[in-house]
Structure formats: structure tokens, C-alpha cells
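Structure at a glance
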Amino acid sequence: MKAARIIKPKEPLIITDIQKPEPKGMQALIKVIASGVCHSDLHLWEGGYAGAAGSFIRVEDRGVKFPLTPGHEIAGIVEKVGEDVNGLRSGDRVLVYPWIGDGLCPACRVGSENICDNPRSLGVYQNGGYAEYLLVPSAKYLVKLDKLKEEEAASLACSGLTAYSAVKNANIKPSEALVIVGAGGLGLIGVQLARSITNSKIIVIDLDDKKLMEAKKLGADYIVNSKSEDPVKAVKELTNGLGADAVIDFVNASSTVSKDLEMLRKRGRLVPVGLFGGSIELPLVSIPLRAIKIIGSYTGRLDDLFDLVTLAERGVIKTIISKRFLLDEVNKALEELKEGKIVGRAIINP
Ligand code: NAD
């Protein structure tokens, strides 16, 4: 079978032939129909994240091993299941939950596999969906699709799920003001979820007018281009001088977080999600004196993915797909994402 693999960070992915896996026990083999191209795949390809004071956090130091087939937003058709699988058969259309843990750590034991001590996520620590077929370690990680097409479902597994957890972590009320930083793949689902779940006042900040216009269409009350406007001043003006009750930062870079903290009101919650990285200087007494909370949010739980698929099946939220690529065009897809040319998500159709 064909797979697009990162052999070495920063070098073009290689399309290569690898052995098609044979599912055993509880495993399932999926014929990949759609694989979303997440900005996290770019970080993986670049080999890591910006750390503090110009340093670099290497993914290999966090347990990632190359060569690797990336891709963690995967939907497809069950090709074959292992002998112990019941309730799922070949031909079923499914979305894959990729945030797999070791099953035994304290987080896994209570269903939070996404924050496992020894993560085994597909497309990060194990081969993922930039391939014709994907071996899923257990059929329990598959969510059956009804009306949703595979390509409409794929991005729910990361951009949708991560945005859903972030909105929950922000714990926002209808009377409050929520700022969303970054109207990319994550942010554009985040806006829809915030609109339908919280109905709060939603202000979206980005550098790109095209993405901001899309955010407005999807439910943002106000949009702010931080390239042409001071985002702190804009948010203060839109909140009677008080500031935001919560900020979800889908960029999470030095430049955005320093502004987030300024635009946050007393008792505010900051939810950093993005992995653009960097560092900031923070006066420590401001945390207790202003009673602010900083809540890191990483992907989401399997039970939340079932909720999300239901919301998408009912038409409450939708994934925004602006471009499609063949597996052979994977490097082009990543380059275009890096250049900021993708509105919402690009999908690879192997
Ligand atoms: P994307 O490339 O689709 O979107 C990024 C958006 O941020 C774009 O609209 C871009 O214009 C905007 N942006 C960039 N710099 C900005 C700045 N300084 N100020 C305002 N806006 C800015 O990316 P994505 O797929 O939505 O992912 C966003 C980030 O979230 C990435 O770093 C990704 O790796 C990370 N991520 C985190 C998790 C998690 O669980 N924490 C999960 C998935 C992705």
C-alpha cells in the first residue's frame, strides 16, 4: 500500500510502498478516504516547536520516531476486522479517534486517553492516515458515520475535538465575552461550537481578513485583524472597558499570549491550545491578584468525539474544507498550509 512518510524533519515526505497490515484480535483495518492536514502535522514535519528564549523543543525528545506516516484526522471504510471484533464489519463508514493512550495511566483509567502519560496517538507516535490504509489498534476507537461524508467527518477527530475541549475548558456563560485567537482549522470550528454551546459574545482575532470573514459567517459577533488594529484596545472597547472573560488561543505564540493576558479581565480564563510556541515574561503576582486561570487544553476525549459527530450529523457544526489533494501531492498540501493559503482545512484523498 502507498503511504506518505516523514523520513527526516524538514525534508520532503516520501511516497513509498509499505506492507498492508493484517488486523488481528480487536484491531481494524481502515481504507482511508479522507485525511485532514492539521497544523500539528507541520510542526511534526518541522521536527518540533519554538521553546523559550530561541530554543527548540524537538518532537524526537518527546518520543516521536521517524520514519513516520503522519495524519490524525482520518475517516474511511472498514476493510477488515480482527477475529474478536463484534458490532462492526467491512463496509462500515467510520471516523477514527486517534488520541490513543496506554490504557493504564490514571488519565486513561478515567477516559482521558488524550492526556495519557505514555501517549500512542495515531499519526504522531504510530503510523497515521497519510496512507491508503490504516491499522487501528482497537475497533473501540471507531465512530460510525451515518449521513456525514468521510471528508466532512475527518477533521472532527482533531480540529473539532480540540476546539470542543477548549470551549468546555473556557467555561464561558451566555452573559460573558469570549475571545478566540486564530481563525484557522481549529478556530473556525471553535467559533461554531462557542456559538451553539455558549451563545456568549464572540470576538475573533486573526491576521488574515479572508479567515476573519469566514469566522463572521460562522457566528462571530466581532472580528479584529491584529495586523491593522490593536487587539487589546479593540477587545476593551467591545467589552465596556472590562476585557474578555475568557480567551481561547489557537495560536499560542509569544506575541498572542502577551496580548491575551492584557485583554483578559479580572477572574478571566486563558486557554492556550496552539503550538506555535515561544515564551513570555509574566509578572507572577498578577495571577493571584487578578485571580486569572491558565488552562492548557490538548485534543479531547473519545466520548466527546461521539458528541461532536452527533452535532455534525444534525448540522449544528460543519468542518470547512477549502482544498483537496491526492496522496502524491502531500508536500504541496503542507507547503500551502505553511504559507497560510488554506481556509479551514485541506483534505488528502489517498
Ligand atoms: P491553521 O494553520 O489552520 O490556522 C492558524 C490560524 O492562526 C490562521 O488563521 C492564521 O492566520 C492565524 N494566525 C497565525 N499567527 C497569528 C497571530 N500572530 N495572531 C493571530 N492569528 C494568527 O492551524 P490549526 O490547524 O488551526 O492549528 C492551530 C495551532 O493549534 C497549531 O499550532 C496546531 O499545531 C495546534 N493544535 C493544537 C492542538 C491541541 O490539542 N492543543 C490540537 C491541534 C492543533
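Now for a look at the structure at hand. (Residues numbered from 1 in each chain as written. Predicted model: local features only at pLDDT ≥ 70, side-chain atom pairs only at ≥ 80, totals over all residues. Heavy atoms only, no water.)

All right, on to the overall build of the protein chain then. Scanning the protein chain for helices and strands turns up 11 helices and 17 strands. Here the C-alpha atoms of the protein chain give a radius of gyration of 20 Å, agreeing with the 20 Å that 2.2 N^0.38 yields for 350 residues. For the protein chain, the spread of C-alpha atoms along the principal axes amounts to about 60 × 40 × 40 Å. Counting all 350 residues of the protein chain, 54% fall into the buried class. Restricting the contact set of the protein chain to residue pairs at least 6 apart, pairs at least 24 apart contribute 69%. Surface accessibility of the protein chain: about 15,400 Å² in total, with carbon and sulfur atoms responsible for 52%. Charged side chains in the protein chain number 46 positive and 43 negative. The centres of these two groups are separated by 3 Å. (Helix = DSSP H or I, 4+ residues; strand = E, 2+ residues; numbered from the N terminus. Rg over C-alpha atoms; globule rule 2.2 N^0.38 Å. Buried < 20%, exposed > 50% of the residue type's maximum accessible area, 1.4 Å probe, protein only. Contact = heavy atoms within 4.5 Å. Areas by Shrake-Rupley, 256 points an atom, 1.4 Å probe, with all protein chains shown as cover. Lys, Arg positive; Asp, Glu negative; His and termini not counted. Charge placed at Lys NZ, Arg CZ, Asp CG, Glu CD.)

Once that is clear, we can look at the side chain of Thr239. Residue placement: Thr239 occurs in the loop between helix H7 (231–238) and strand E13 (244–249). Here Gly243 takes part through its backbone nitrogen, which lies 2.9 Å from a polar atom of the side chain of Thr239. (Polar contact = N/O pair within 3.5 Å; in protein donor to acceptor, adjacent residues only side chain to side chain.)

A few words on the state of the cysteines. One pass over the full model with this rule turns up zero disulfides. Cys116 provides the cysteine sulfur closest to Cys108, a residue in no disulfide bond, and the two sulfurs are 3.6 Å apart. For Cys108, a relative accessible area of 9% translates into the label buried. Given the relative accessible area of 9%, Cys116 is considered buried. (Disulfide = S-S within 2.5 Å.)

With that settled, the discussion passes to helix H11 (residues 330–338). Residues of H11 that are buried include every one of Val330, Ala333, Leu334, Glu336 and Leu337, and no others. End-on, the buried residues of H11 take up no more than an arc of 160 degrees, which puts them together on one face. The inward-facing, buried residues of H11 abut strand E1 (2–5), strand E2 (14–17), strand E3 (28–37), helix H1 (39–46), strand E16 (321–326) and strand E17 (345–349). In the stretch just after H11, Gly340 is the one whose phi turns positive, near 75 degrees. (Arc of directions from axis to C-beta.)

The subject of this paragraph is the sheet that holds E13. The strands that make up a sheet are held in pairs by hydrogen bonds between backbone atoms, and each pair lies either parallel or antiparallel. Spatially, the six strands line up as an open sheet ordered E12-E11-E10-E13-E14-E15, and their pairing is parallel. Strands with a single pairing partner mark the edges of an open sheet, and in this sheet they are strand E12 (222–225) and strand E15 (293–294). As defined by bridge partners, strand E14 (residues 264–272) adjoins E15 across two bridges and the pair is classed as parallel. Bridged to Arg269 within E15 is Lys293. Strand contacts of helix H5 (residues 185–198): strand E10 (177–181) and strand E11 (201–206), with the helix running at about 165 degrees to E10, the strand carrying the most contacts. (Pairing = 2+ DSSP bridges. Axes fitted to C-alpha atoms, helices over the stretch in contact; angles between N-to-C directions.)

Glancing now at the packing of aromatic side chains. According to the stated counting rule, one finds two aromatic pairs in the structure shown. Note on Tyr97 and Tyr141: the rings are 6.1 Å apart at their centroids and 15 degrees apart in plane angle, and the pair reads as stacked. Of this pair, Tyr97 sits in the loop between strand E7 (93–96) and helix H2 (106–109) while Tyr141 sits in the loop between strand E8 (133–136) and strand E9 (142–144), and the two are 44 residues apart along the sequence. Each member of the pair Tyr97 and Tyr141 is classed as buried. Seen in terms of ring centroids, Trp99 and Tyr298 are 5.9 Å apart; in terms of plane orientation they differ by 75 degrees. Their pairing is edge-to-face. Here Tyr298 lies in the loop between E15 and helix H10 (302–313) and Trp99 lies in the loop between E7 and H2, a separation of 199 residues in the sequence. Seen from the ring of Tyr133, Lys20 lies directly overhead, with NZ or CZ sitting 4.3 Å from the centre. (Phe/Tyr/Trp six-rings, centres within 6.5 Å; stacked < 30°, edge-to-face > 60°. Lys NZ or Arg CZ within 6 Å of the ring centre and 35° of its normal.)

This part is about the site of the ligand. Lining the immediate surroundings of the ligand are 27 residues, of which His39, Ser40, His43, Asp206 and Thr299 lie closest. A distance of 2.6 Å is found between an oxygen atom of the ligand and a backbone nitrogen or oxygen belonging to Thr299. At 2.8 Å from an oxygen atom of the ligand is found a side-chain nitrogen or oxygen belonging to Arg345. The fraction of the free accessible surface of the ligand (860 Å²) that becomes covered by protein chains is 91%. Residue assignment for the shell around the ligand shows that the elements contributing at least two residues are H1, H5 and helix H8 (254–263). With three residues, H1 is the single largest residue contributor to the shell around the ligand. (Near = heavy atom within 4 Å.)

Glancing now at the packing of helix H4 (residues 159–170) against H10. At a minimum axis distance of 10 Å, the contact between H4 and H10 shows a crossing angle of 105 degrees. Judged on the interaxial angle alone, H10 and H4 are roughly perpendicular. Judged by residue contacts, Gly160, Leu161, Tyr164, Ser165 and Lys168 of H4 engage Asp304, Leu305, Asp307 and Leu308 from H10. Class assignment for the residues of the contact of H4 with H10 results in four nonpolar, two polar and three charged. (Parallel < 35°, antiparallel > 145°, perpendicular 65-115°, else oblique. Nonpolar A, V, L, I, M, F, W, Y, C, P; charged D, E, K, R; others polar.)

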